[in-house]
Amino acid sequence: RATTLFLHLFVVVLTTSCRRAFAWSSFTQSSSSIYTYSRQSYTLRMGMQVKIRIVGRKSGSEQWLDDAYSMYETRLQSSLLDVETVWHKNDAELIKGVHTDLNKNHLVVLLDPKGTTCTSEVFAEKVFEWLNQGGSRLSFVIGGAEGLPAELLQDKSLQTIRLSDLTFTHQFARVCLTEQIYRATEIKKGSGYHKW
């Protein structure tokens, strides 16, 4: 039954724009195997992509950090949200990547110690709001050991948040961010993962 539902949804996605938002909370199957839906409080979007742009080397982090990131990346697959990390050698490449995203009308959010803080609940709301604004595309930007380049920080059109008052390595910040993205999807679903 779950496979039939998935195949039905896959066909719907193929025949419509991947950026179109669908709202439903429960499906019922009629005798003719056509699914209907009832609209309620939350929205499920198809084809959502979150990109994490980061300065550093992919091979520069410890294995346990890679394992933690991979775990949340795998968990997010069931939420139809794809998370991808793009590594940049230096600030110049990072800035170029951010401009590429902006030119494609993706919403870009900087992670910086001077950014605004928010609770996990507020972050969850913002993530889905940002995905809506960016056409189901959202980019988070993490600087290297020296932080974000001044050119990005001075751009007032970019959103800026901070994960914590504590200082993290940029590799660890990527794991924390990915966990919060996963938590946001679970809050949206109303699952028991997030304890209020």
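Conventions adopted
Residues numbered from 1 in each chain as written. Predicted model: local features only at pLDDT ≥ 70, side-chain atom pairs only at ≥ 80, totals over all residues. Heavy atoms only, no water. Helix = DSSP H or I, 4+ residues; strand = E, 2+ residues; numbered from the N terminus. Buried < 20%, exposed > 50% of the residue type's maximum accessible area, 1.4 Å probe, protein only. Contact = heavy atoms within 4.5 Å. Areas by Shrake-Rupley, 256 points an atom, 1.4 Å probe, with all protein chains shown as cover. Phe/Tyr/Trp six-rings, centres within 6.5 Å; stacked < 30°, edge-to-face > 60°. Polar contact = N/O pair within 3.5 Å; in protein donor to acceptor, adjacent residues only side chain to side chain. Expected span 1.5 Å × (residues − 1). Arc of directions from axis to C-beta. Axes fitted to C-alpha atoms, helices over the stretch in contact; angles between N-to-C directions. Parallel < 35°, antiparallel > 145°, perpendicular 65-115°, else oblique. Left-handed = near helix turned anticlockwise from the far one by under 90°. Nonpolar A, V, L, I, M, F, W, Y, C, P; charged D, E, K, R; others polar. Pairing = 2+ DSSP bridges. Patch = residues over 30% accessible without salt bridge, like charges linked within 9 Å, V, L, I, M, F, W, Y side chains within 5 Å. Salt bridge = Lys/Arg side-chain N within 4 Å of Asp/Glu carboxyl O.

(A) A look at the overall build of the chain. Across its full length, the chain carries 6 helices and 9 strands. Buried positions account for 41% of the 196 residues belonging to the chain. Considering only intrachain contacts with a sequence separation of at least 6, the fraction spanning at least 24 residues in the chain is 76%. Working note: accessible area of the chain is about 11200 Å², and carbon and sulfur atoms make up 52% of it.

(B) A look at the packing of aromatic side chains. Applying the stated rule across the entire model yields 7 aromatic pairs. Both rings, one in Trp 64 and one in Phe 172, keep their centres 6.1 Å apart while their planes meet at 50°; by these two values the pair is tilted. Remark: Phe 172 occurs in helix H6 (residues 170–189) and Trp 64 occurs in helix H2 (residues 63–76); sequence separation between them is 108 residues. Its relative accessible area of 27% is what places Phe 172 among the partly exposed residues.

(C) Representation of the side chain of Thr 85 in the model. Relative to the helices and strands, Thr 85 resides in strand E6 (residues 81–88). Looking at Thr 85, its side chain comes within polar contact range of the side chain of Arg 174, at 3.0 Å. Dropping the residues within four chain positions of it, Thr 85 is found in contact with Ile 52, Ile 54, Tyr 69 and Arg 174.

(D) Highlighting helix H3 (residues 91–103). Between its terminal C-alpha atoms H3 stretches 18 Å, which fits the 18 Å expected from 13 residues at 1.5 Å a residue. Every buried residue of H3 is accounted for by Leu 94, Ile 95, Gly 97, Val 98 and Asp 101. One side of H3 holds all its buried residues, which, seen down the axis, span an arc of 160°. Seen from the open side of H3, the exposed residues pointing more than 90 degrees away from its buried face are Ala 92, Lys 96 and Asn 103. Close packing links the buried residues of H3 with strand E5 (48–55), E6, strand E7 (107–116), strand E8 (137–142) and helix H5 (150–153). The distance from a side-chain oxygen at the start of H3 to the backbone nitrogen of Ala 92 is 3.2 Å, and the residue carrying that oxygen is Asn 90.

(E) Spotlight on the packing of H2 against H6. It is at 9 Å that the axes of H2 and H6 come closest, and there the two elements cross at 20°. In terms of their interaxial angle, H2 and H6 are classed as roughly parallel. Viewed along their axes, H2 and H6 form a crossing whose handedness is left-handed. Contacts from Trp 64, Leu 65, Asp 66, Ala 68, Tyr 69, Tyr 72, Glu 73, Arg 75 and Leu 76 in H2 reach Gln 171, Phe 172, Arg 174, Val 175, Thr 178, Glu 179, Ile 181, Tyr 182 and Thr 185 in H6. Of the residues contributing to the contact of H2 with H6, the split by class is 10 nonpolar, 3 polar and 5 charged.

(F) Local environment of the sheet that holds E7. Read from one edge to the other, the open sheet built from 5 strands follows the order E6-E5-E8-E7-E9, with strand pairing classed as parallel. Lying at the two open borders of the sheet, with one neighbouring strand each, are E6 and strand E9 (159–161). Direction aside, the axes of adjacent strands within the sheet are offset by 30° on average. Pairing of E7 with E9, which is carried by 4 bridges, proceeds in the parallel orientation. Across the sheet, the residue bridging to Thr 116 is Ile 161, located in E9. Sheet strands touched by H2: E5 and E6. Its angle to E6, the strand with the most contacts, is close to 145°. Where H6 meets the sheet, its contacts fall on E5, E6, E7 and E8, and the angle it forms with E5 comes to roughly 165°.

(G) A look at a nonpolar patch on the surface. Together, Leu 163, Leu 166 and Phe 168 make up an exposed nonpolar region whose accessible area comes to about 250 Å². Looking at where Leu 166 falls in the secondary structure, it is placed in the loop between E9 and H6. Its relative accessible area of 59% is what places Leu 166 among the exposed residues.

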